[in-house]
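The primary structure of each chain is shown beneath.
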Amino acid sequence: RIRAFNAVFLLQGAGLFVILLGLYYVAGWRDVAGYVWGLYFTNLASWAVSLAVMMRGVTHPLRCTIDARAWLRDVREMFAYGLWSSVDNLAENLSARLNYFFLQRFGGYGSVGLLDVGTRVSESLWHISHGVSFIAYGEITRATDAERQRRLTLRLLPPTMGALTVAMGVVLCIPEWVYTEWLFTPEFTGIRGVIAGLSVGIVAFGGNRILSHYFIGTGRVRVSAACSCVGLALLCASAAVMVPRWGVVGAAGASSVAYVGMFLFSVVAFVRITRKQADA
């Protein structure tokens, strides 16, 4: 139900924007607390809309008979799945942002601002892989044949990485003065170095996104969580060496090391799983 999914996310983004306008310019609430309360309101509204849409497919919910044993089994499975999914998301987010703290420790807040802008410019390309991975997840979860799930993944992985490579090549061709004179200010001199340091990792993480949705779509959330934990460990190890030596470019390079490591881990896990299925 892709339309309902997109409508809920649109409500989150557009609703937060409208609420913040009201809080900032009407109520005069311009601190962090106002933003947090705006998040609470929009997320609760999105949850309510999601629940209403989901309940459309339930007829006579109050008349349903509940099998206690089956219900407990489902709740246990849901919490186990949610736990590993939370570990996956937490480790992945830390892999993407923990280098900010390393850089602040050794380079100061100015370097963090440069890294953040370069990171956001580079990560904008992930819209390509996010869109494809969402389609891949839907197709994989609906497929009941393991071979079809494998073929779907392999069919989407190369064009996604190819598109990301081309898009990143275009971004790398943008001159430095476009960022320092047109888009931002001269304070962001060196942003091309940040983007270059992230370039390989951006493409690798986009490919890893496809593989991780294969793992999640086939119920192997632990594999995806393990992949994110590997990326987090690689980031910590590489940032500890690269950030003190090369500063903001080293922080960008550390992210690439983590993303490439995650992609390689996912490739090995994917090959092992699919080969075992083929032998069976």
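Residues numbered from 1 in each chain as written. Predicted model: local features only at pLDDT ≥ 70, side-chain atom pairs only at ≥ 80, totals over all residues. Heavy atoms only, no water.

Concerning the environment of Ser228
Alright, step 1. Note that Ser228 resides in helix H9 (residues 221–279).
Alright, step 2. Taking the relative accessible area as the measure of exposure, Ser228 reaches 2% and is therefore buried.
Alright, step 3. Between the C-alpha atom of Ser228 and that of Leu23, which follows or precedes it by 205 residues, the distance is 37 Å.
Alright, step 4. The residues contacting Ser228, other than those within four sequence positions of it, are Asp88, Ala91, Glu92, Ser95 and Met262. (Helix = DSSP H or I, 4+ residues; strand = E, 2+ residues; numbered from the N terminus. Buried < 20%, exposed > 50% of the residue type's maximum accessible area, 1.4 Å probe, protein only. Contact = heavy atoms within 4.5 Å.)

Remarks on the packing of helix H6 (residues 146–172) against helix H8 (residues 191–217)
Alright, step 1. At a minimum axis separation of 9 Å, H6 and H8 run at an interaxial angle of 165°. In terms of axis orientation, H6 runs roughly antiparallel to H8. Crossing of H6 against H8: the hand is right-handed. Between H6 and H8, the residues in contact are Gln149, Arg150, Thr153, Leu156, Leu157, Thr160, Met161, Leu164, Thr165, Met168, Val171 and Leu172 and Arg192, Ile195, Ala196, Ser199, Ile202, Val203, Ala204, Gly206, Gly207, Ile210, Leu211 and Tyr214, respectively.
Alright, step 2. Tallied by class, the residues present in the contact of H6 with H8 amount to 15 nonpolar, 7 polar and 2 charged. (Axes fitted to C-alpha atoms, helices over the stretch in contact; angles between N-to-C directions. Parallel < 35°, antiparallel > 145°, perpendicular 65-115°, else oblique. Left-handed = near helix turned anticlockwise from the far one by under 90°. Nonpolar A, V, L, I, M, F, W, Y, C, P; charged D, E, K, R; others polar.)

Examining the packing of aromatic side chains
Alright, step 1. A full pass over the atoms with the stated rule returns 11 aromatic pairs.
Alright, step 2. Ring plane angle 50° and centroid distance 5.3 Å describe the contact between Phe184 and Phe188, whose orientation is recorded as tilted.
Alright, step 3. You can call Phe184 partly exposed: its relative accessible area is 29%.
Alright, step 4. Note on Tyr214 and Phe270: the rings are 4.9 Å apart at their centroids and 75° apart in plane angle, and the pair reads as edge-to-face. (Phe/Tyr/Trp six-rings, centres within 6.5 Å; stacked < 30°, edge-to-face > 60°.)

Observations regarding the side chain of His213
Alright, step 1. Summarising the element assignment, His213 is placed in helix H8.
Alright, step 2. Of the residues examined, His213 reaches a relative accessible area of 16% and is grouped as buried.
Alright, step 3. Apart from residues lying up to four places away in sequence, His213 is in contact with Ser133, Tyr137 and Ile140.

A closer look at helix H5 (residues 126–142)
Alright, step 1. Here H5 contains 17 residues, and its C-alpha end-to-end distance of 24 Å stays within 8% of the 24 Å for a straight helix at 1.5 Å per residue.
Alright, step 2. Taken together, the buried positions of H5 are Trp126, Ser129, Ser133, Ala136, Gly138 and Ile140.
Alright, step 3. Of the surrounding elements, those touching the buried residues of H5 are helix H4 (109–123), H6, H8 and H9. (Expected span 1.5 Å × (residues − 1).)

With respect to the environment of Val8
Alright, step 1. Examined against the element boundaries, Val8 turns out to sit in helix H1 (residues 2–26).
Alright, step 2. Overall, the relative accessible area of 14% leaves Val8 in the buried class.
Alright, step 3. Considering only alpha carbons, one finds Val8 and Leu172, 164 residues apart in sequence, at a separation of 34 Å.
Alright, step 4. Leave out the neighbours within four places in its chain, and Val8 touches Ser46, Val49 and Ser50.

Let's talk about the pattern of salt bridges
Pairing is possible between side chains that carry opposite charge, provided their charged atoms lie close to one another.
Alright, step 1. The full count for this structure, using the stated rule, is 8 salt bridges.
Alright, step 2. Salt-bridge contacts for Glu92 lead to Arg209; the nearest nitrogen and oxygen are separated by 3.1 Å. Of this pair, Glu92 sits in helix H3 (residues 68–107) while Arg209 sits in helix H8, placing them 117 residues apart in sequence.
Alright, step 3. On the basis of relative accessibility, which here comes to 16%, the residue Glu92 falls in the buried class.
Alright, step 4. When salt bridges that share partners are traced, they join Glu139, Arg142 and Arg148 into one network. (Salt bridge = Lys/Arg side-chain N within 4 Å of Asp/Glu carboxyl O.)

What about the nonpolar core?
Alright, step 1. Ranked by size, the top nonpolar core spans 34 residues in total, and within it Leu103, Leu115, Leu125, Met168 and Val194 carry the most contacts.
Alright, step 2. Element by element, the count of residues in this core is highest for H9, at 12 residues.
Alright, step 3. Those residues in contact with Leu115 that lie beyond four places of it in its chain are Asn99, Tyr100, Leu103, Val194, Val248, Ala251 and Ala252.
Alright, step 4. Residues Leu152, Leu211, Tyr214 and Phe215 belong to the second largest nonpolar core, which totals 14 residues. (Core = buried A, V, L, I, M, F, W, Y, C linked by side-chain atoms within 4.5 Å.)

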